[in-house]
Amino acid sequence: MDRTKAATTPNISSATEKELLTKEINEQGEKVRTAKTKNASKDVIDAEVKKLLALKAKYKEVTGTDFPVAGRGSSSSAKKTTEKGTKTQKTELKNASKTETPTGAVKKQTRLGLEATKEDNLPEWYTQVITKGELIEYYDVSGCYILRHWSFAIWKYIRSWFDGEITKMGVKECYFPMFVSKAALEKEKTHIADFAPEVAWVTKSGESDLAEPIAVRPTSETVMYPAYAKWVQSYRDLPIRLNQWNNVVRWEFKHPQPFLRTREFLWQEGHSAFANKSEAEKEVLDILELYAQVYTNLMAIPVVKGRKTEKEKFAGGDYTTTVEAFISASGRAIQGATSHHLGQNFSKMFEIVFEDPETQQKEFAWQNSWGITTRTIGVMIMVHSDNQGLVLPPHIACIQAIIVPCGITVNTKEDEREQLMQSCKNLERQLSAKGIRCEGDYRDNYSPGWKFNHWELKGVPIRIEVGPKDMKANQIVAVRRDSGEKLILALDDVDSKIQQLLETIHDSMLAKAQSDLVQHTKITKNWSDFCMFLDQKNILLSPFCGETSCEDKIKADSARDQEAEPGAPAMGAKSLCIPFDQPAAITVADKCIHPSCTNKPKFYTLFGRSY
């Protein structure tokens, strides 16, 4: 049989099949028209058109002819419209397959909305959230990223709040150079050994080699402490409590992830020197509490406060305290911020000494260093955001409420339209006057449906819809981004209601994240359960001896054979912290969690896979 000829010959099994297809195509065409009439989002319209084209292709396959378009207006007109729609749809579908990737300097535009889910493809989902949500623009130096306004505004709110709190404590602001000499950097051997693989060096000026390489600061202990040594002559010169907001460079060669692991990042670094140990240790915990509040009070993220093990502490310090967050989507913890007690290690190395007024003897200062970074933004994204895009906690959202005028049609009179716009602007002024960060979206070249999707993607906590019917009823419709709940609010005292709703949203987001943390924190004394819970994306509280060698075994023996996700090694469990709030007291019967360890456990330690 001639297969080519057979393929072009009508082959209808029955008249019923043709009739059913005709009915389906007409019904689907009506869905497309309805979606356009009701100003549905571009994604919805595209999906309906795609279904229509698929049905028409099936009709041609079954009948051997194109689906007839005559009968609804001019035949030639309908044909032109169909051809134009088909061409447009093909172009849009082609563009839709081009997603943002971090490999090139030029990025293709994609359609509004995410095309990957948090559950099925976490890395791609994360990439789309930060690019389509307009947080990040990729840069042509690997591991470095442009922070766009939408993300930098978050950092600005964190910075403003934290800077105000440490100013109340007596911390002063300063700035030190970003370059550090090789001699200064290598003075504290233990400290630099931990950073050595990540230090970026400047070796040339133009075409000339520098006489000595100059490092770009990975952190500023060795940058600042030579100056501290000059400034401290007497106990009266203490304490020195300085903080600087700056950038640092750590040239990591691990898989870079915007916000979470970057070669350059923004942070604050506080450095203090005290005459006695007790004052220094008090500051360590005071600062740690502020870091915890950044997460809970500003970002609606619960954290575990604790002390790092000897293996994980800051190199060159006496001990490190930390706040640890948890990301259930990956089952991994992430270090939120750290506050270090440096003891007298650096003051001895840099000779930061003072004369004790009682003994008249030279004493070394007691020092701390502490920092929080733009990693906070990445943690916030991973914890709260969903498959519709960003979900911003109200306290750090650039726009807390967006007003979208609705219900304008071709039949709306100009004076009615103007009246609606004026009502929206009056509401915007009213809310802004009460300190609510509010804006109106008055663009007339986008439908309300498109605006809904746009601001949902960007995570604005509350969307306020105002239409002609709402004006007559003296009300607004408020839509929560975190839950999708719609609320009808009377305009009387509406500013107080919106302010209260923002607080309700914050509390709800924090409670949801807290529940997530609790559900994924398992207490176990059994090694088999330890490994099983770990592979089920949990973090684990277990008795631990605290020895570095044992910690290495725990990490090695709990590792998986295969990668959990691209860029995430099948790592074993590392110690996250020794929580200040212990789940129970260590008993005589307790054993260290690793089955081969014979050491007596000292405390419950939080273990897990980590970023």
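Definitions and limits used
Residues numbered from 1 in each chain as written. Predicted model: local features only at pLDDT ≥ 70, side-chain atom pairs only at ≥ 80, totals over all residues. Heavy atoms only, no water. Buried < 20%, exposed > 50% of the residue type's maximum accessible area, 1.4 Å probe, protein only. Helix = DSSP H or I, 4+ residues; strand = E, 2+ residues; numbered from the N terminus. Pairing = 2+ DSSP bridges. Right-handed = clockwise from strand over helix to strand, strands pointing away. 1 Å grid on protein atoms, 1.4 Å probe; cavity = no way out; pocket = protein on both sides within 12 Å on 5 of 7 lines; lining within 4 Å. Points joined across faces, edges and corners; volume = space filled by probe spheres on them. Nonpolar A, V, L, I, M, F, W, Y, C, P; charged D, E, K, R; others polar. Axes fitted to C-alpha atoms, helices over the stretch in contact; angles between N-to-C directions. Contact = heavy atoms within 4.5 Å. Polar contact = N/O pair within 3.5 Å; in protein donor to acceptor, adjacent residues only side chain to side chain.

Draft legend 1. How the structure looks around the pairing of strand β15 (residues 401-405). For β15, a buried count of five out of five residues is recorded, marking the element as mostly surrounded by other parts of the structure. Covered by surrounding structure in β15 are Ala401, Ile403 and Pro405 together with Ile402 and Val404, the residues of both alternating faces. Alignment of β15 against strand β16 (residues 438-440), held across three bridges, turns out to be parallel. Counted as the bridge partner of Ile402 is Glu439 from β16. For the crossover that starts at β15, traverses helix α13 (residues 414-433) and ends in the parallel β16, the hand is right-handed. Pairing of β15 with strand β17 (residues 462-466) involves five bridges; the strand directions are parallel.

Draft legend 2. Summary view of the layout of surface pockets. Estimated volume of the largest pocket: approximately 1,500 Å³. In terms of lining, the largest pocket is formed by 50 residues, of which the most central are Arg250, Arg261, Gln335, Arg375 and Lys574. The element best represented in the lining of the largest pocket is strand β11 (residues 332-343), accounting for six residues. Of the residues belonging to the lining of the largest pocket, the class tally is 15 nonpolar, 18 polar and 17 charged.

Draft legend 3. Representation of the sheet that holds strand β4 (residues 179-181) within the structure. Taken in spatial order, the three strands make up an open sheet running β4-β6-β5, and their pairing is antiparallel. Edge strands, defined here as strands with exactly one partner in the open sheet, are β4 and β5 (200-205). Across the sheet, the axes of successive neighbouring strands diverge by a mean angle of 45 degrees, strand direction being ignored. Relative to strand β6 (residues 208-216), β5 runs antiparallel, the two sharing five bridges. Opposite Lys204, over in β6, you have Asp209 as the bridge partner.

Draft legend 4. The sheet that holds β15, seen in detail. Here five strands make up an open sheet; going across it, the order is β16-β15-β17-β18-β19 and the pairing mixed. In this open sheet, the two edge strands, each paired with only one partner strand, are β16 and β19 (486-490). Between one strand axis and the next, the sheet turns by 25 degrees as a mean value, whatever way the strands run. As paired elements, β17 and strand β18 (residues 475-480) share four bridges and run antiparallel to each other. When the bridges of β18 are listed, Ile464 appears paired with Ala478.

Draft legend 5. Molecular detail of helix α5 (residues 122-132). Among the 11 residues in α5, nine count as buried, and that is most of the element. Taken together, the buried positions of α5 are occupied by Leu122, Trp125, Tyr126, Thr127, Gln128, Val129, Ile130, Thr131 and Lys132. Considering only its buried residues, α5 is in contact with β1 (136-138), α12 (375-384) and α14 (448-457). Its side-chain oxygen 3.3 Å from the backbone nitrogen of Glu124, Asn121 forms the N-cap of α5. After α5 finishes, the residue Glu134 shows a positive phi value of roughly 60 degrees.

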